[in-house]
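Breakdown of the fold
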Amino acid sequence: MEIITPGMRLVPEAVLANDAALFRKIPETPSHADRSLHRVVIVGGGAGGLELATRLGRKFGKRRVSITLVDRNRTHVWKPLLHEVASGTLNASSDAVEYIAHASRHHYRYRIGEVVGIDRAKRQVFVAPSFDDDGRQIIPPRVLGYDTLVMAVGSVCNDFGTPGAIRHAIALDTAAQAARFNQRMINACLRANAQYEPLLPGQLHCVVVGAGATGVELAAELHKSMREIASHNLDNIDFDKLIRITIVEAGPRILPALPEQLARASARLLRDLGVQIRCGVKVTEVTAEGVRLGEKLFVAAELVVWSAGIKAPDFLKNLDSLETDRINRLVVDETLRAKGDENVFAIGDCANCVLPGENDPLPPRAQTAHQQADHLVKAIAARVKGQQAPAFRYRDYGSLVSLADYGSFGNLIGGLKIGGLIARLMYRSLHKMHLKAVHGTLKTALDTFAEILARRTKPRVKLH
């Protein structure tokens, strides 16, 4: 029996069930010809995992340490910008980092595959086979040995078991999902412009479930991009009047993780744009026609995006008895080491890290993963030398939110509040800092210059 995963890869059911017996028959794949090297395996090529692999590769090269990055995808797109891929203002293919090419330039190894389990006693990682869309095997199941294992698998949207959410709503966890939503949005505009009959209830309406940073920024981007698409000779109907965007949030306000002043400013701007905000109400069902709120209210919508809540991937719950919290995150100590195993570390959204003197885990933000990746370079260097790993120290540099071209707001260290062009430039600089960590200063500068030139010859949004 075979199961089709959301990524359309055919994976044997036994592998998904973490059948250790299957992997015991597979010989361990050597990570390097030199068996004396310290083996570092990084699972997940997101912001934290890719930056860590890059920095370790630059630091050690081919000396003393063998570095392997495992990810089921072949390219990397910075997750905080997936809402721009969904709206069409960012082309994922031009912004993506190809792991194979990047690994060869930065002295680490990339292995494609989905990690489904580990054997902590033997220090082995189980990697499921990879298949193409036709079901043909590309890479067989493998077993990778490690001396230091870093879990950096990030997080996924948490639908809380809401009926119909998986089937009828699109999450923005991957570039493929964002591109899929973008196609739906473009097709919705083309369909509405070409059809002979009047628009149906909910047609050209979009509901964004969850008013965190992703949901709020996506709503603003959709307001801009849907009108930009309509301006390209789609003039049979009045898109400006018929496009409707609604944000639904179970909590009392939007942007619950950010300062209240930022939330109020963002809410005012969104309402001025005509975006409807519904707070204090839960989505109880998602259907093909829209979303049900509570027991009685129904909001008709052709497009539904789910961005409410996060959790770590489900396979972490059964990761050879490592301790996890209620949303599957690995519990780590102040050195980022998983509790119960000195050879396993976790960073980013998949790590529950409560620092001494604090009550809550570190926030699931890009700056958290960035700082933790930087720390683990030092921790792994200490392990190679046989020294004690240092404690992690987190510094909150503030929060920024960008609502397309309409406005940006920020709250920096010391409570300094910024807005307008300064906030917009600082928001963009976060992505450039990530690219600098991944590519280096020169390539980032050249790519930025090329991007500025390309904007003069291309549409502002993706139209196909």
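Okay, so let's go over this structure. Quick caveat, the model's predicted, so the values are computed rather than measured.

Observations concerning unusual backbone geometry
A positive phi angle, near 65 degrees, is found at His107, a position not held by glycine. Residue placement: His107 occurs in the loop between helix 6 (99-105) and strand 8 (109-112).

A short note on the sheet that holds strand 8
Strand order in the open sheet formed by five strands is 8-5-4-14-26, and the pairing between neighbours is parallel. Looking at the sheet topology across the chains shown, the edges are occupied by strand 8 and strand 26 (344-346). Neighbour to neighbour, the strand axes of the sheet diverge by 20 degrees on average, direction disregarded. Contacts from helix 3 (residues 47-60) reach strand 4 (38-43), strand 5 (65-71) and strand 14 (148-151), with the element oriented near 160 degrees to strand 5.

Some details on a positive patch on the surface
Side chains of Lys59, Arg63, Arg64 and Lys385 sit close together on the surface and give a patch of like positive charge. Following the sequence through the fold, Lys385 ends up in the loop between helix 12 (366-384) and strand 28 (398-403). Note on Lys385: relative accessible area 53%, which makes it exposed.

Brief notes about the packing of aromatic side chains
This structure, assessed with the given rule, holds two aromatic pairs. Seen from their ring centres, Phe23 and Phe126 are 4.6 Å apart, and the 5 degrees between their planes marks the pair as stacked. Of this pair, Phe23 sits in helix 2 (residues 20-24) while Phe126 sits in strand 10 (residues 124-127), placing them 103 residues apart in sequence. The pair Phe23 / Phe126 is uniform in exposure class, with both members buried. In this structure, Lys59 is placed above the aromatic ring of Phe60, and the distance from its NZ or CZ to the ring centre is 5.9 Å.

Things to note about the pattern of salt bridges
If the charged atoms of two oppositely charged side chains come close together, the side chains can form a pair. Within the structure shown, the criterion is met by 21 salt bridges. The salt bridge partner of Arg55 is Glu51, with a shortest N-O separation of 3.5 Å. Placement of the pair is Arg55 and Glu51 together in helix 3, with a separation of four residues, close to one helical turn. Taken as a pair, Arg55 and Glu51 share a single burial class, namely buried. The closest approach of N and O atoms between Arg191 and Glu302, which form a salt bridge, is 2.5 Å. Separated by 111 residues along the polypeptide, Arg191 in helix 8 (residues 175-194) and Glu302 in the loop between strand 22 (297-300) and strand 23 (303-306) bring together distant segments of the chain. In this structure Arg191 comes out as partly exposed when scored by relative accessible area, which is 42%. Look at Glu302 and you get partly exposed, because its relative accessible area is 26%. Members of the salt-bridge network, linked through shared partners, are Glu28, Arg39, Arg123 and Asp147.

A short note on the pairing of strand 28
Across the six residues that make up strand 28, a large majority, six, are buried. Alternating residues of strand 28 divide into Gly398, Leu400 and Ser402 and Ser399, Val401 and Leu403, and every residue in both groups is buried. Note that strand 28 and strand 29 (residues 407-412) share six bridges and pair antiparallel. When the bridges of strand 29 are listed, Ser402 appears paired with Ser408. A loop of three residues connects strand 28 with strand 29, the two strands running antiparallel in sequence, and Ala404 in this loop sits at a positive phi of about 55 degrees.

Topic: helix 12
Between its terminal C-alpha atoms helix 12 stretches 27 Å, which fits the 27 Å expected from 19 residues at 1.5 Å a residue. The buried fraction of helix 12 amounts to 14 of the 19 residues, a majority that puts the element mostly inside the structure. Two residues or fewer past helix 12, Gly386 is found with a positive phi of approximately 80 degrees.

Re the sheet that holds strand 22
Strand order in this open sheet of three strands is 20-21-22, and the pairing throughout is antiparallel. Two strands close off the open sheet at either side, each with one partner strand: strand 20 (283-286) and strand 22. Neighbour-to-neighbour, the strand axes of the sheet open up by a mean angle of 25 degrees, direction not taken into account. As paired elements, strand 20 and strand 21 (residues 290-293) share three bridges and run antiparallel to each other. Residue Glu285 lies in a different strand from strand 21, and its bridge partner there is Arg292.

Quick notes on the side chain of His38
If you trace the backbone, His38 turns up in strand 4. Here His38 falls in the buried class, since its relative accessible area comes to 15%. A distance of 2.7 Å separates polar atoms of two side chains, one belonging to His38 and the other to Thr148. When near neighbours in sequence (up to four residues on either side) are disregarded, His38 contacts Arg64, Val65, Ser66, Asp147, Thr148, Arg383 and Val384.

How each quantity is defined
Residues numbered from 1 in each chain as written. Predicted model: local features only at pLDDT ≥ 70, side-chain atom pairs only at ≥ 80, totals over all residues. Heavy atoms only, no water. Helix = DSSP H or I, 4+ residues; strand = E, 2+ residues; numbered from the N terminus. Pairing = 2+ DSSP bridges. Axes fitted to C-alpha atoms, helices over the stretch in contact; angles between N-to-C directions. Contact = heavy atoms within 4.5 Å. Patch = residues over 30% accessible without salt bridge, like charges linked within 9 Å, V, L, I, M, F, W, Y side chains within 5 Å. Areas by Shrake-Rupley, 256 points an atom, 1.4 Å probe, with all protein chains shown as cover. Salt bridge = Lys/Arg side-chain N within 4 Å of Asp/Glu carboxyl O. Lys, Arg positive; Asp, Glu negative; His and termini not counted. Charge placed at Lys NZ, Arg CZ, Asp CG, Glu CD. Buried < 20%, exposed > 50% of the residue type's maximum accessible area, 1.4 Å probe, protein only. Phe/Tyr/Trp six-rings, centres within 6.5 Å; stacked < 30°, edge-to-face > 60°. Lys NZ or Arg CZ within 6 Å of the ring centre and 35° of its normal. Expected span 1.5 Å × (residues − 1). Polar contact = N/O pair within 3.5 Å; in protein donor to acceptor, adjacent residues only side chain to side chain.

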